[in-house]
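For reference, the chains in residue letters:
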Amino acid sequence: YAVTEADAGSDPSGIATTAHRAGPGRWVLNGEKWFVTFGSTAQVIIVMAHAIDGGSRLPTLFAVPADAPGVEIIADVPFTHNYPHGHPTMRFTDVELTDADILGGLGNGDDLQRLWFTEERLAIAARCIGAMQRLIEESIDWAASREQGGARLLDHQGISFPIADSAADAAAGRLLGLDVARLADEGADRKIVHGKASMAKLFCSEAANRCADRSVQMFGGRGYMRTTAAERLWRELRVDRIWEGTSEIQRIIVLRSLERRGVSAMLT
Ligand SMILES: Cc1cc2nc3c(=O)[nH]c(=O)nc-3n(C[C@H](O)[C@H](O)[C@H](O)COP(=O)(O)OP(=O)(O)OC[C@H]3O[C@@H](n4cnc5c(N)ncnc54)[C@H](O)[C@@H]3O)c2cc1C
């Protein structure tokens, strides 16, 4: 899914990629997209572009075959996590498309993108909840079996209290995530679900990063070894505070939702 550009990250309204109408039912796509997750392996890239049709400039999603002439990867740098796929920068030069490549109708890109963000932010929250549970299980196992200073690590409050804090984070995040998923399943007001999905993504990603940092600390030197699950999660969870909208952007969405939908709608 390719929306981010060099000069349009947190504010995707600034994208410069265009698809000019080139005749009846035909379009020509030009632009450059950054951080295209799965970009090096996907067969189809969903590209957000301004469809230029006469005087109109319509935000539109195009399904672009990755092997179409004019599609190229121009950079594929390593990232902090070690996922098997990359997040390359892709360039689209005079890529020929047709009306059949338009997803969800001309000019409907922003609405579809909001739906995608809602779903993906909820998915990030869910992944973070799972990661927190794993971190707590690993921490308990370790702290119960390791003895230092004449006692189990678990019997030192400096170790056990952070585990309790992590458990509270995980339990609260789980309830919030399930609440948003329930609202989505019930077909609740999409704007409220959108705002609450941002709240869940914000809380769960920040909480999971707190949990990972606590776990690394209680594993001591082993927590810094790449053979330890806590180390891997500490590294991998960092991006959840950045992608699909940073924590700062989620806070802006939550605040706007509180103002527009009301405190009660957002908290109950
Ligand atoms: C591993 C990875 C995979 C990604 N995958 C994809 C993908 O598949 N498709 C895709 O389209 N994008 C993808 N992204 C892009 C990601 O969504 C953006 O990096 C993110 O939205 C932030 O945009 P930016 O990097 O341009 O940072 P910027 O927008 O430049 O932000 C820089 C800093 O300023 C802060 N900031 C910006 N605006 C405000 C504001 N109004 N108020 C307060 N603070 C603000 C941000 O929170 C951030 O801390 C991916 C990114 C990464 C790292």
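Every chain's residues receive numbers from 1 upward, in the order its sequence appears when written. Only residues with pLDDT of at least 70 get local features here, since the model is predicted, and only at 80 or more are side-chain atom pairs given and counted; chain-wide, interface and lining totals rely on the full set of residues. The basis for every side-chain value is the complete set of non-hydrogen atoms in the structure, without hydrogens or water.

**A word on the nonpolar core**
To keep things clear, this is the line we draw: In this description, a nonpolar core means a group of buried Ala, Val, Leu, Ile, Met, Phe, Trp, Tyr and Cys residues linked to one another through side-chain atoms lying within 4.5 Å. Between buried and exposed lies partly exposed: a residue is buried under 20% and exposed over 50% of the maximum accessible area for its type, with that area taken using a 1.4 Å probe on protein chains only.
Counting 37 residues, the largest nonpolar core has M132, L135, V180 and L237 as its most contacted members. Residues I45, A49, V64 and I102 belong to the second largest nonpolar core, which totals 18 residues.

**A look at the environment of L153**
Selection rule: Helix and strand assignments follow DSSP, with helices taken as H or I runs no shorter than four residues and strands as E runs no shorter than two, numbered in order from the N terminus. By definition, residues are in contact when any of their heavy atoms lie within 4.5 Å.
With respect to the helices, strands and loops of the structure, L153 is situated in the loop between β9 (151–152) and α2 (157–185). What makes L153 buried here is its relative accessible area of 10%. With 65 residues separating them in the primary sequence, L153 and M218 have C-alpha atoms 8.3 Å apart. What L153 contacts, discounting residues up to four positions off in sequence, is W142, A143, R146, Q148, I159 and M218.

**Considering the environment of L115**
Positionally, L115 belongs in helix α1 (residues 109–145). Judged by relative accessible area, which is 36%, L115 ranks as partly exposed. Counting along the chain gives 78 residues from L115 to V193, while the straight-line C-alpha distance between them is 9.6 Å.

**As for the layout of surface pockets**
Our working definition: Grid points spaced at 1 Å over the protein atoms alone were grouped into cavities, where a 1.4 Å probe fits but cannot get out, and pockets, open sets with protein on both sides within 12 Å along at least five of seven lines, with lining residues defined by an atom within 4 Å of a point. Grid points are joined across faces, edges and corners, and a volume is the space filled by probe spheres set on the points. Put simply, Ala, Val, Leu, Ile, Met, Phe, Trp, Tyr, Cys and Pro go in the nonpolar bin, Asp, Glu, Lys and Arg in the charged bin, and everything else, Gly too, in the polar bin. Where each domain starts and ends comes from a domain assignment, either automatic or drawn from a database.
As a volume, the second largest pocket reaches approximately 400 Å³. What lines the second largest pocket is a set of 20 residues, among which R114, L115, W116, T118 and R190 lie closest to the centre. Looking at the lining of the second largest pocket, the elements with two or more residues in it are α1, α2 and α3 (190–218). If you tally residues by element for the lining of the second largest pocket, the top one is α1, at 8 residues. Tallied by class, residues from the lining of the second largest pocket come to 12 nonpolar, 3 polar and 5 charged. Both domains that meet at the lining of the second largest pocket, namely domain 1 (12–103) and domain 2 (109–267), each give it at least three residues.

**Here we look at the packing of aromatic side chains**
Put simply, the rule reads: Aromatic rings from Phe, Tyr and Trp, taking only the six-membered ring of Trp, are treated as a pair when their centres fall within 6.5 Å; an angle between ring planes under 30 degrees marks them as stacked, one over 60 as edge-to-face, and anything in between as tilted. Whether a charge sits over a ring comes down to the Lys NZ or Arg CZ being within 6 Å of the ring centre and within 35 degrees of the ring normal.
This model, assessed by the stated rule, comprises 7 aromatic pairs. Here the aromatic cluster, defined as three or more aromatic residues joined through ring pairs, consists of W34, F35 and F79. One residue, R210, lies across the ring of F203, its end atom 5.8 Å from the ring centre.

**Remarks on the domain arrangement of the chain**
The cut-off we apply is this: For this analysis, a salt bridge means a side-chain nitrogen from Lys or Arg found within 4 Å of a carboxyl oxygen belonging to Asp or Glu. Nitrogen and oxygen atoms within 3.5 Å of one another constitute a polar contact, given that in protein one can donate a hydrogen and the other can accept it, and given that sequence-neighbouring residues count only through two side-chain atoms.
Domain boundaries in the chain define domain 1 (12–103) and domain 2 (109–267). Each of domain 1 and domain 2 has a C-alpha centre, and these two points are 31 Å apart. Every contact between the two is made by 12 residues of domain 1 and, on the other side, 9 residues of domain 2. Along the contact surface separating domain 1 from domain 2 lie 0 salt bridges. Taken together, domain 1 and domain 2 are joined by 1 residue pair in polar contact (both at pLDDT 80 or more). Broken down by element, the residue count for the side of domain 1 that touches domain 2 peaks at 3 residues, all from strand β4 (residues 56–65).

**Notes on the site of the ligand**
Here is the rule: We call a residue near a molecule or strand when any one of its heavy atoms sits within 4 Å of it. A 1.4 Å probe and the Shrake-Rupley method give the accessible areas. Residues count as covered only by the protein chains that appear here.
Not every one of the 18 residues close to the ligand is listed here, only the nearest: Y1, T4, S10, F35 and T246. Here V3 contributes a backbone N or O atom positioned 2.8 Å from an oxygen atom of the ligand. Protein chains shield 64% of the accessible area of the ligand, which is 980 Å² for the free molecule. In terms of residue class, the shell around the ligand is built from 10 nonpolar, 6 polar and 2 charged. When residues of the shell around the ligand are assigned to domains, at least three map to each of domain 1 (12–103) and domain 2 (109–267).

**Examining the packing of α1 against α2**
Short version of the rule: Each axis is a line fitted through C-alpha atoms, and for a helix only the stretch in contact is used; angles between axes span 0 to 180 degrees, taken between their N-to-C directions. In this scheme, roughly parallel covers angles under 35 degrees and roughly antiparallel covers those over 145, while 65 to 115 is roughly perpendicular and the rest are oblique. If you view the pair so one helix is near and one far, a crossing is left-handed when the near helix is turned anticlockwise from the far one by less than a right angle, and right-handed when it is turned clockwise.
Where α1 meets α2, the axes come as close as 9 Å, and the angle between the chain directions of the two elements is 155°. Regarding the angle of α1 to α2, the classification is roughly antiparallel. The way α1 lies across α2 gives a crossing that is left-handed. Contact residues: α1 offers L122, I129, M132, I136, S139, I140 and A143, while α2 offers I159, I163, S166, A167, D169, A170, G173, R174, G177, V180 and A181. Its residues assigned to classes, the contact of α1 with α2 comprises 12 nonpolar, 4 polar and 2 charged.

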